[in-house]
Amino acid sequence: MSEKPNTLGAFLSARRARVTPEQAGIPDTGVRRVPGLRREEVAMLAGISADYYLRLERGRDRHPSVQVLESIARVLRLDDEHLAHLLTLVADAPRKRARRPRKEVVPAGALKLLDSLVQPAFIEGRYFDILASNSLARALSPGLTEGGNQLRDLFLSPAEQAYYPDWAAMTECYVASLRQAVGTDIENPRFIELTGELSLGSAHFRRLWARHEVRAQVGTTIRFNHPQVGELVLNRERLAIGGSDGLMLVLYHPDAGSADDEKLALLASAGLPVAQPAHR
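Starting afresh in each chain, residues are numbered from 1 along the sequence in its written order. Totals for whole chains, interfaces and linings use all residues, but because this is a predicted model, local features are given only for residues with pLDDT of at least 70 and pairs of side-chain atoms are given and counted only at 80 or more. To obtain the side-chain values, all non-hydrogen atoms of the structure were used and water was disregarded.

Novice: Explain the pattern of salt bridges residue by residue, including any values.
Specialist: Each reported salt bridge corresponds to a side-chain nitrogen of Lys or Arg within 4 Å of a carboxyl oxygen of Asp or Glu. Summed over the entire model, instances satisfying the criterion amount to 14 salt bridges. Here Arg15 ties to Glu213 by a salt bridge, and the two come within 3.3 Å at their closest N and O atoms. Placement of the pair is Arg15 in helix α1 (residues 7-16) and Glu213 in the loop between α13 (203-210) and β3 (220-226), with a sequence separation of 198 residues. In this structure, Arg15 and Glu213 share a single accessibility class: buried. Asp129 is the partner of Arg190 in a salt bridge, and the nearest nitrogen-oxygen pair spans 2.5 Å. With Arg190 in helix α12 (residues 189-201) and Asp129 in the loop between β1 (121-124) and β2 (130-133), this pair connects stretches of sequence that are 61 residues apart. For the pair Arg190 and Asp129, a shared accessibility class is recorded, and that class is buried. Residues participating in the shared-partner salt-bridge network are Arg15, Arg18, Arg211 and Glu213. Numbering of helices and strands starts at the N terminus; helices are DSSP runs of H or I of at least 4 residues and strands are runs of E of at least 2. With a 1.4 Å probe rolled over the protein chains alone, any residue whose accessible area is under 20% of its type maximum counts as buried; one over 50% counts as exposed, and the rest are partly exposed.

Novice: So what's going on with the confidence of the model for the protein chain? Which residues, and what values?
Specialist: The predicted model of the protein chain has a mean per-residue pLDDT of 85, with 90% of residues at 70 or higher. The pLDDT score gives, residue by residue, the confidence of the prediction method on a 0 to 100 scale. Note on contacts: a residue pair is in contact if any heavy atoms of the two residues lie within 4.5 Å. Scored below 50 in pLDDT, residues 93-99 shows nine contacts in the model against residues more than four places distant or in partner chains. A low-confidence stretch, residues 273-280 stays under pLDDT 50, and its non-local contacts, those more than four residues away or across chains, total 21 contacts.

Novice: Describe the packing of helix α11 (residues 167-182) against α13, naming the residues involved and giving the relevant values.
Specialist: At their nearest, the axes of α11 and α13 sit 10 Å apart, and the two run at 50 degrees to each other. Looking at the two axes, α11 sits oblique to α13. Seen along the crossing, α11 lies across α13 with a hand that is right-handed. For the pair α11 and α13, contact is made by Trp167, Thr171, Glu172, Val175, Leu178 and Arg179 and by His204, Phe205, Leu208 and Trp209, respectively. Any residue that is not Ala, Val, Leu, Ile, Met, Phe, Trp, Tyr, Cys, Pro, Asp, Glu, Lys or Arg is counted as polar, Gly included; the first ten are nonpolar and the last four charged. Residue composition of the contact of α11 with α13, grouped by class: six nonpolar, two polar and two charged. With axes taken as lines fitted to C-alpha atoms, and helix axes fitted only over the stretch in contact, angles between N-to-C directions fall between 0 and 180 degrees. We call two directions roughly parallel when the angle between them is under 35 degrees, roughly antiparallel when it is over 145, roughly perpendicular when it lies between 65 and 115, and oblique otherwise. Note on convention: near helix rotated counterclockwise from far helix by under a right angle means a left-handed crossing. Clockwise means right-handed.

Novice: A description of the pairing of strand β4 (residues 230-240) should follow, citing residues and the corresponding values.
Specialist: Pairing between strands is defined by DSSP: at least two bridges between the two strands are required. Across seven bridges, β3 lies against β4 in antiparallel orientation. Within β4, the position partnered with Thr220 by the bridge is Arg236. Between β3 and the antiparallel strand that follows it, β4, lie three residues.

Novice: I'd like a description of α1, backed by residues and values.
Specialist: Burial analysis of α1 places seven of its 10 residues in the buried class, which makes it a mostly covered element. Those residues of α1 that sit buried are Leu8, Gly9, Phe11, Leu12, Ala14, Arg15 and Arg16. Packed against the buried residues of α1 are α3 (39-46), α4 (50-57), α5 (66-75), α6 (80-88) and α13.

Novice: I'd like a description of the side chain of Glu160, backed by residues and values.
Specialist: For Glu160, the position within the fold is in helix α10 (residues 158-161). Here Gly143 takes part through its backbone nitrogen, which lies 3.2 Å from a polar atom of the side chain of Glu160. As used in this structure description, the phrase polar contact means that two N or O atoms lie within 3.5 Å; if the pair is within protein, one of them must be able to donate a hydrogen and the other to accept it, and residues adjacent in sequence are counted only when both atoms belong to side chains.

Novice: How would you explain the packing of α12 against α13 if you had to name every residue and give the values?
Specialist: Contact geometry for α12 and α13: axes closest at 5 Å, N-to-C directions at 120 degrees. Considering the angle they form, α12 stands oblique to α13. Residues Phe191, Thr195, Leu198, Ser199, Leu200 and Gly201 of α12 form the contact with α13, whose own contacting residues are Ala203, Phe205, Arg206 and Trp209.

Novice: Can you break down α11 residue by residue, with the values?
Specialist: Compared with an ideal rise of 1.5 Å per residue, which puts 16 residues at 22 Å, α11 spans 22 Å between its outermost C-alpha atoms and is within 8% of the ideal. Within the sequence span of α11, burial applies to Met170, Thr171, Cys173, Tyr174, Val175, Ala176, Ser177, Leu178, Arg179 and Val182. Each element contacted by the buried residues of α11 is listed here: α6, α9 (150-156), α12, α13, β3 and β4. At the C-terminal side of α11, Gly183 shows a positive phi close to 60 degrees. Any helix carries an expected span of 1.5 Å times its number of residues minus one.

Novice: Give a detailed account of the sheet that holds β1, specifying residues and quantitative values.
Specialist: To summarise the sheet geometry, strands pair through backbone hydrogen bonds and adopt either a parallel or an antiparallel arrangement. Pairing within the open sheet is antiparallel, and its five strands lie in the order β2-β1-β5-β4-β3. Looking at strand neighbours, the two that pair on one side only are β2 and β3, the edges of this open sheet. The sheet shows a mean angle of 30 degrees between the axes of neighbouring strands, direction not considered. Most of the contacts of helix α7 (residues 108-116) go to β1, to which it runs at about 155 degrees, and overall it touches β1, β2 and β5 (248-253).

Novice: Before we move on, can you summarise the packing of aromatic side chains with the specific residues and values?
Specialist: Side-chain rings of Phe, Tyr and Trp, where Trp is taken by its six-membered ring, are said to pair if the distance between their centres is within 6.5 Å; with planes under 30 degrees apart they count as stacked, over 60 as edge-to-face, and otherwise as tilted. The full count for this structure, using the stated rule, is seven aromatic pairs. A ring pair is formed by Phe128 and Tyr174, whose centres lie 5.1 Å apart and whose planes are at 65 degrees; its orientation type is edge-to-face. Of this pair, Phe128 sits in the loop between β1 and β2 while Tyr174 sits in helix α11, placing them 46 residues apart in sequence. Residue Phe128 is classed as buried on the basis of its relative accessible area of 2%. For Tyr174, a relative accessible area of 3% corresponds to the buried category. With a centroid separation of 5.9 Å and 45 degrees between ring planes, the pair formed by Phe191 and Trp209 is classed as tilted.

Structure representation (structure tokens):
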């Protein structure tokens, strides 16, 4: 059995690199071989010894107190979501055996609700797999087809990327959300398979993943560059499906009476064909 991954050390190192001496309120003197703060600077500002902080980053001490973690979080300028994630990295949990990915099953009631909606909607799994979608969602974007994966399309499919004028910002959001969804369950076979594929196929994904950003997706607006109806600006809502293990109902809706409302109505009534994505 291989040694347990040093998730705490990887997170601290990545976040330390993102804080400048100026942000930390210390003079920037001397040549810095790496970006961000030095380990001893974090230790000094957090009120702990440099040797102890080094042990944390190198995985030789995996059980720091909450007070120590909160002090380090303050120095690293972590928000509440990142602090919550940091605390999970030191939680005592039994080591799990590698297991087969458990099939995500959409409740029958959620499928009935999906079919009744007049807005583009789909159901996504923990790793942003498309588990079900209605016809308007598939007409809105070819990537929103059952069996697809939003992360794979965003990073590996140029055809799908062309649908999103704000592609770069979307990728940052999705990667941060993936890390929050996974938490410490990094030995899940589905997670290993997906992140391995994305890391091999996309340097952009590798850069974002190395930043250790943690952020939940919230209601927002999404711009689409649709080949038939032009640009659409739609509101996106994500609603948890009760009784499921992390499944989400995702809904796109326009502002009432807007030009986007009219475009979406045209898309719904025209029965436009759905193009197939270039990569799957």
